[in-house]
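Listed below are the residues making up each chain.
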Amino acid sequence: MKLSWYGTASVMLESDGYRLLFDPFLGIPIEDSLCRRKLRAVKLRTADAVLVTHGHFDHILDIPRLYKGSDIKVYATKTPCRTLIAHGLPKENLTLISPGVSFKLGNFTIHVYQGRHCRFDLGVMMKTIFKKETLLHTKRLYELIKLNRRFEENGETLFYEIEAEGKRIQLMGSMGTDIDTLYPTGADVLILPFQGTGDPARTVRPIIEKLQPKSICLDHYDDTFPPMSSQIGTEIFSYRQTQSGIPTVAMKFGKVYEF
């Protein structure tokens, strides 16, 4: 099985030539070349199916422009389905899913669980307000906040477990698990978002203890919609987790990892 990451929470899994793509997002950088964005879009359009973890803009904003006019199927809960239709994605492209369902796509078996979105704490809000980029781009931050209000999560964050080739991959939509959900433990790989609170390492510690993964791949640690987002340091956390017996890596953009 192949795993690759294309920024924010955009993760692609490939098995036997079939490609699953989670949360495709091109980013909203302050400066970015048109050529780079086009190259990223070309790669994201190679997916055979798209799965959504939740409805925030950094997870679904670009889906209509990437896939409108194609026959690709997008799997999502009620709120992101409604948002995507409002932004121009035809109903025919959407398949409604909810926690508790399982289904097959290509060589993959997907199990859907209730997740939980992390809560933005005072620490991360203070860091955002007093960043240099915020002072230079106050209007941009205001526009991103308005955008976030239009793309609601509505308590529908999902947690996926994906099986293929004798491996189990768990993918989280945010740094949180549902207190009433019993999750499988011991997955071969946990794809773990690493942004959203003032101390991500502290936030994910009980999640790792609960799920007991064999290895961890970090995503969503990059600065793709500044000044609301930040580049999060991952080196110390990755080193300490690896030393504790759980190999941990912050995925590199476009690099292919094989399991």
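This section reports on the structure supplied with the text. (Residues numbered from 1 in each chain as written. Predicted model: local features only at pLDDT ≥ 70, side-chain atom pairs only at ≥ 80, totals over all residues. Heavy atoms only, no water.)

Notes on the pattern of salt bridges
Put simply, the rule reads: Take a side-chain nitrogen of Lys or Arg and a carboxyl oxygen of Asp or Glu: if they are within 4 Å of each other, that pair is a salt bridge. Only DSSP runs of H or I with at least four residues qualify as helices, and only runs of E with at least two residues qualify as strands; both kinds are numbered from the N terminus onward. Each residue is assigned to one of three classes by its accessible area relative to the maximum for its type, calculated with a 1.4 Å probe on protein chains only: buried under 20%, partly exposed between the two thresholds, exposed over 50%.
Summed over the entire model, instances satisfying the criterion amount to five salt bridges. In this structure, lysine 146 engages glutamate 143 in a salt bridge whose closest nitrogen and oxygen atoms are separated by 3.6 Å. Highlighted residues: lysine 146 and glutamate 143, both in helix α7 (residues 138-150), separated by three residues, approximately one helical turn. Overall, the relative accessible area of 33% leaves lysine 146 in the partly exposed class.

Thoughts on the nonpolar core
This is how it is decided: To form a nonpolar core, buried Ala, Val, Leu, Ile, Met, Phe, Trp, Tyr and Cys residues must be joined to one another through side-chain atoms within 4.5 Å. By the convention used here, residues are in contact when the closest approach between their heavy atoms is within 4.5 Å.
The biggest cluster of nonpolar side chains holds 46 residues, and the ones touching the most others in it are Leu13, Leu20, Leu51, Ile110, Tyr160 and Ile162. The element that contributes the greatest number of residues to this core is strand β9 (residues 158-164), accounting for five residues. Among all residues touching leucine 20, those that are not within four sequence positions of it are Val11, Met12, Leu13, Ala49, Leu51, Leu105, Phe108, Ile110 and Ile162. Core analysis: the second largest hydrophobic core is formed by 27 residues, Leu21, Ile72, Phe151 and Phe225 among them.

Comments concerning the sheet that holds strand β7 (residues 102-105)
Convention followed: Strand pairing follows a simple DSSP-based rule, namely that at least 2 bridges must link the two strands. For helices, the fitted axis covers only the stretch in contact; all axes are lines through C-alpha atoms, and the angles between them, taken along N-to-C directions, range from 0 to 180 degrees.
As summarised here, the arrangement of the seven strands in space is β7-β8-β9-β10-β11-β12-β13, forming an open sheet in which the pairing is mixed. Looking at the sheet topology across the chains shown, the edges are occupied by β7 and β13 (248-250). Each strand axis lies, on average, 20° off the axis of its neighbour in the sheet, ignoring direction. Relative to β9, strand β8 (residues 108-114) runs antiparallel, the two being bridged by six bridges. Each bridged residue has a counterpart across the sheet, and for valine 112 the counterpart in β9 is tyrosine 160. Where helix α8 (residues 200-211) meets the sheet, its contacts fall on β9, β10 (167-172), β11 (189-193) and β12 (216-219), and the angle it forms with β11 comes to roughly 160°. Together, β12 and β13 form the strand contacts of helix α9 (residues 235-243), whose direction differs from that of β13 by roughly 160°.

Topic: unusual backbone geometry
For the peptide bond that leads from proline 226 to proline 227, omega is 5°, which places it in the cis range. Tracing the backbone shows proline 227 in the loop between β12 and α9. The residue aspartate 16 is not glycine, and still its phi comes out positive at about 55°. According to the relative accessible area criterion, aspartate 16 is exposed, its value standing at 72%. Phi at glutamate 165 takes a positive value of approximately 55°, unusual for a residue other than glycine. On the secondary structure map, glutamate 165 appears in the loop between β9 and β10.

Considering the sheet that holds strand β14 (residues 256-258)
Taken in spatial order, the seven strands line up as β6-β5-β4-β3-β2-β1-β14 in an open sheet, and their pairing is mixed. Each edge of the sheet is formed by a strand with only one pairing partner; in this case those strands are β6 (94-96) and β14. Neighbour to neighbour, the strand axes of the sheet diverge by 25° on average, direction disregarded. Sheet analysis places strand β4 (residues 49-51) next to strand β5 (residues 73-76), joined by three bridges and oriented parallel. Looking across to β5, one finds that leucine 51 is bridged to tyrosine 75. In this fold helix α4 (residues 78-86) packs onto β5 and β6, with an angle of close to 160° to the strand it touches most, β6.

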